[in-house]
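Residues per chain, in single letters:
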Amino acid sequence: QVQLVDSGGGLVQAGGSLRLSCAASGRTFSPYAMGWFRQAPGKEREVVAAITWSGGSTYYADSVKGRFTISRDNAKNTVHLQMNSLKPEDSAVYYCTCGIYRRTDLTTRHAYKYWGQGTQVTVSS
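From a predicted model like this one, the values you see are computed outputs, not experimental measurements. (Residues numbered from 1 in each chain as written. Predicted model: local features only at pLDDT ≥ 70, side-chain atom pairs only at ≥ 80, totals over all residues. Heavy atoms only, no water.)

Peer 1: Could you give me a rundown of the side chain of T97, with the residues and numbers involved?
Peer 2: By secondary structure assignment, the location of T97 is in strand β9 (residues 92-99). Note on T97: relative accessible area 0%, which makes it buried. A polar contact is formed between the side chain of T97 and the backbone oxygen of Y114, at a distance of 2.8 Å. When neighbours within four sequence positions are excluded, T97 is seen to be in contact with L4, A33, M34, G35, W36, F37, Y112, Y114 and W115. (Helix = DSSP H or I, 4+ residues; strand = E, 2+ residues; numbered from the N terminus. Buried < 20%, exposed > 50% of the residue type's maximum accessible area, 1.4 Å probe, protein only. Polar contact = N/O pair within 3.5 Å; in protein donor to acceptor, adjacent residues only side chain to side chain. Contact = heavy atoms within 4.5 Å.)

Take a look at the structure:
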């Protein structure tokens, strides 16, 4: 089993920044990739960013490219999402997720097995 604990959400004004963190634990923690998804009220959960654990290859949704940066610390089993130039439409619950199998498509929820509890991000206009 793998446990993921998300943190770092909060309320910020448009144009501001937040840094989300995800701490992973568990004896079997050996991910292929880690990712961040978000879900706004009435909308489906969507991918924000993903990173492969060994090679560090990254993926970003078009809506966040140039504003968000995903990174990982292999030694500490953590992944971060630095969010800059935040917009009201970025408001959502953000979920950290862990995939353990090699996948070519990291944009789908089905690529991931474990999920954090979520952290709320609210961007005011």
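Peer 1: How would you summarise the pattern of salt bridges if you had to cite specific residues and measurements?
Peer 2: Pairs can form between side chains of opposite charge whenever their charged atoms are close. Overall, the coordinates contain four salt bridges when judged by the stated rule. Notably, a salt bridge pairs R67 with D90, separated by 2.8 Å at the nearest N-O pair. Here the residue R67 occupies a position in the loop between β6 (58-60) and β7 (68-73), and D90 occupies one in the loop between β8 (78-83) and β9, the gap between them amounting to 23 residues. Neither residue differs from the other here; R67 and D90 are each classed as buried. One continuous salt-bridge network, built from bridges that share partners, spans R38, E46, R67 and D90. (Salt bridge = Lys/Arg side-chain N within 4 Å of Asp/Glu carboxyl O.)

Peer 1: Can you explain the packing of aromatic side chains? Please cite residues and give values.
Peer 2: In this description, a pair of aromatic rings is defined by centroid distance and the angle of the planes. Overall, the coordinates contain four aromatic pairs when judged by the stated rule. An angle of 80 degrees between the planes, with centres 5.4 Å apart, marks the rings of F37 and Y112 as edge-to-face. Taken as a pair, F37 in strand β4 (residues 33-39) and Y112 in the loop between β9 and β10 (114-115) lie far apart in primary sequence, 75 residues in all. Looking at Y112, the relative accessible area reads 7%, which means it is buried. Three or more aromatic residues joined by ring pairs make a cluster, and in this case those are F37, Y112 and W115. Cation over ring: R45 sits above W115, and NZ or CZ is 5.0 Å from the ring centre. (Phe/Tyr/Trp six-rings, centres within 6.5 Å; stacked < 30°, edge-to-face > 60°. Lys NZ or Arg CZ within 6 Å of the ring centre and 35° of its normal.)

Purely geometric stuff here, so don't read any function into it on its own.
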